[in-house]
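What follows is each chain in one-letter form.
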Amino acid sequence: MKSLFLSLLVVSVLFMNSFSEVQGKKWKGEGTTKNLESIVIGRCYNYIRIVNPAVGEKNCSEIWEAFKNAFINKDPCSILPKDYELVINLSLHTIPPNKSLFWENNQLLVKSFADRGRRYMTLSDTLFGFFGDFLNWCGQANSAGLDYESCPTTEECENNAVDSFWRMASITYAQHSSGVIHVLLNGSAVGGAYPDPGFFADYEIPNLQKDKISKIVIWVVDDIGGPDIESCGTHTVKILENRLKTLGYDVTCTDNYKSVMFLLCLDYPDDPKCTLSSF
């Protein structure tokens with residue numbers, strides 16, 4: 001009797017695990033952000049009405065439908081960048097010359113420095129970057145619903161819904177950047193200031209339009225209190241400089257650019273790097 005009970009228990013556990021996977025609880029990543037539709041549409045209207053009304057009218061409901069249709073009813077590991085072409089085209093607008101700011105390993109700093117497009121316009125300061133920023137999403141094969149339980153990570157599959165969206169967004173952002181291009185890198189990043197592979201290396205540099213670009217300005221800024229691992233002309237930064245120069249770009253590089261350091265020092269006013277003599 002005891003043996004029969006244990007056998008039934010094992011079968012029940014296996015069934016529950018199988019049922020859980022069928023219901024979409026099989027991925028390691030977080031599930032779709034709750035209220036995704038309301039957030040995307042709300043952010044769209046916030047952008048065109050408050051953040052950057054200069055972009056003109058956009059159909060935010062149509063943008064949501066195009067965004068959703070890029071990944072629902074599909075294997076969440078088979079979403080390609082091209083699936084987002086329609087939503088990118090619907091939300092596309094001009095990126096002002098000399099305002100593009102690319103980055104690696106310092107997202108929050110870059111967002112603060114760009115000041116929501118007032119100082120520079122990063123990818124997340126465009127409409128298509130703005131409505132997707134810090135959100136997560138995925139669908140399920142043969143289902144019109146969103147998976148709120150779990151979504152695949154990059155490690156589980158490269159062609160997931162979120163990464164493919166940002167690849168398409170990065171490609172588009174690079175293609176429409178012009179004038180002086182700015183790049184902000186983290187000189188304290190353990191994995192290298194210029195990661196390769198990486199979004200900047202793989203999707204943005206190859207899609208820059210050389211005939212529209214006058215100069216590329218690189219800033220390598222260390223974390224306050226962080227190690228000085230990389231600087232201009234060294235390690236991965238040197239690799240980046242050489243790559244851009246080989247492509248025919250006019251490139252300059254500055255360590256610990258003052259304007260960015262001033263911003264960092266707001267949170268660390270007593271750090272030795274933040275004394276007036278340091279500048």
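Residues numbered from 1 in each chain as written. Predicted model: local features only at pLDDT ≥ 70, side-chain atom pairs only at ≥ 80, totals over all residues. Heavy atoms only, no water.

## Side note on the packing of helix H2 (residues 36-51) against helix H3 (residues 60-69)
Contact pair H2 / H3: the axes reach a minimum separation of 9 Å and the direction vectors enclose 135°. The angle between H2 and H3 falls in the class oblique. Once H2 is placed against H3, the crossing between them reads as right-handed. For the pair formed by H2 and H3, the contact residues are Leu36, Glu37, Val40, Ile41, Cys44, Tyr45 and Ile48 on the first element and Cys60, Ser61, Ile63, Trp64 and Phe67 on the second. In terms of residue class, the contact of H2 with H3 is built from 10 nonpolar, 1 polar and 1 charged. (Axes fitted to C-alpha atoms, helices over the stretch in contact; angles between N-to-C directions. Helix = DSSP H or I, 4+ residues; strand = E, 2+ residues; numbered from the N terminus. Parallel < 35°, antiparallel > 145°, perpendicular 65-115°, else oblique. Left-handed = near helix turned anticlockwise from the far one by under 90°. Contact = heavy atoms within 4.5 Å. Nonpolar A, V, L, I, M, F, W, Y, C, P; charged D, E, K, R; others polar.)

## Some points on the pairing of strand E6 (residues 179-186)
For E6, the buried fraction is high: 7 of the 8 residues fall into the buried class. In terms of strand pairing, E6 meets strand E7 (residues 213-221) through 8 bridges, oriented parallel. When the bridges of E7 are listed, asparagine 186 appears paired with valine 221. Between E6 and its parallel partner E7, the chain crosses via helix H8 (residues 199-204), and the hand of that crossover is right-handed. (Buried < 20%, exposed > 50% of the residue type's maximum accessible area, 1.4 Å probe, protein only. Pairing = 2+ DSSP bridges. Right-handed = clockwise from strand over helix to strand, strands pointing away.)

## Digging into the packing of aromatic side chains
Within the structure shown, the criterion is met by 20 aromatic pairs. Between phenylalanine 199 and tyrosine 203 the ring centres are 5.6 Å apart and the planes differ by 50°, which places this aromatic pair in the tilted class. With a gap of 4 residues between them, phenylalanine 199 and tyrosine 203 both fall in helix H8, about one helical turn apart. The exposure class of phenylalanine 199 is partly exposed, given its relative accessible area of 30%. Three or more aromatic residues joined by ring pairs make a cluster, and in this case those are Trp64, Phe67, Phe71, Tyr84, Phe131, Trp137, Phe165 and Trp166. (Phe/Tyr/Trp six-rings, centres within 6.5 Å; stacked < 30°, edge-to-face > 60°.)

## Things to note about the pattern of salt bridges
For the structure shown, the criterion picks out 5 salt bridges. Between lysine 68 and glutamate 65 there is a salt bridge, with the nearest N and O atoms lying 3.3 Å from each other. Highlighted residues: lysine 68 and glutamate 65, both in helix H3, separated by 3 residues, approximately one helical turn. (Salt bridge = Lys/Arg side-chain N within 4 Å of Asp/Glu carboxyl O.)

## Thoughts on the sheet that holds strand E2 (residues 101-104)
The parallel open sheet is built from 4 strands, whose spatial order is E2-E6-E7-E8. One side of each edge strand has no neighbouring strand; the edge strands of this open sheet are E2 and strand E8 (251-255). Strand-to-strand, the axes of this sheet are offset by a mean angle of 20°, without reference to chain direction. Across the sheet, helix H9 (residues 235-246) lies against E6, E7 and E8, angled at about 180° from E7, the strand it touches most.

## Brief notes about the confidence of the model for the protein chain
Of the residues in the protein chain, 90% have a pLDDT of 70 or more, and the chain-wide mean is 92. In this model, residues 8-24 is a region of pLDDT below 50 whose contacts with residues beyond four sequence positions or in other chains number 8 contacts. (pLDDT = per-residue confidence, 0-100.)

## Observations regarding unusual backbone geometry
The omega torsion of the bond from aspartate 196 to proline 197 falls at 15°, within 30 degrees of zero and hence cis. Of note, proline 197 is situated in the loop between E6 and H8. One non-glycine residue with positive phi stands out, namely asparagine 98, at about 70°. The topology assignment puts asparagine 98 in the loop between helix H4 (85-91) and E2. For asparagine 98, a relative accessible area of 38% corresponds to the partly exposed category. The backbone of asparagine 256 sits at a positive phi, close to 45°, despite the residue not being glycine.

## Concerning the side chain of histidine 93
Relative to the helices and strands, histidine 93 is located in the loop between H4 and E2. Only 3.3 Å separates the side chain of histidine 93 from the side chain of tyrosine 47, close enough to count as a polar contact. Within the structure, histidine 93 has its side chain in polar contact with the backbone nitrogen of leucine 127 (distance 3.0 Å). In contact with histidine 93, other than residues within four places in its own chain, are Tyr47, Asn52, Val55, Met121, Thr126 and Leu127. (Polar contact = N/O pair within 3.5 Å; in protein donor to acceptor, adjacent residues only side chain to side chain.)

## Quick look at the packing of helix H5 (residues 107-114) against helix H10 (residues 258-265)
Running from amino to carboxyl end, H5 crosses H10 at an angle of 105°, the nearest separation of the two axes being 11 Å. Relative to H10, the element H5 lies roughly perpendicular. Between H5 and H10, the contacting residues are Leu109, Ser112 and Phe113 on the first element and Ser259, Val260, Leu263 and Leu264 on the second. Taken together, the residues that form the contact of H5 with H10 break down as 5 nonpolar, 2 polar and no charged.

## Quick notes on the nonpolar core
Counting residues in hydrophobic clusters, the biggest one holds 58 residues, and the most contacted among them are Phe67, Phe71, Tyr84 and Trp137. If sequence neighbours within four positions are ignored, phenylalanine 67 has contacts with Leu36, Val40, Tyr84, Val87, Phe131, Trp137 and Phe165. Counting 16 residues, the second largest nonpolar core, distinct from the first, contains Leu101, Phe113, Val260 and Cys265. (Core = buried A, V, L, I, M, F, W, Y, C linked by side-chain atoms within 4.5 Å.)

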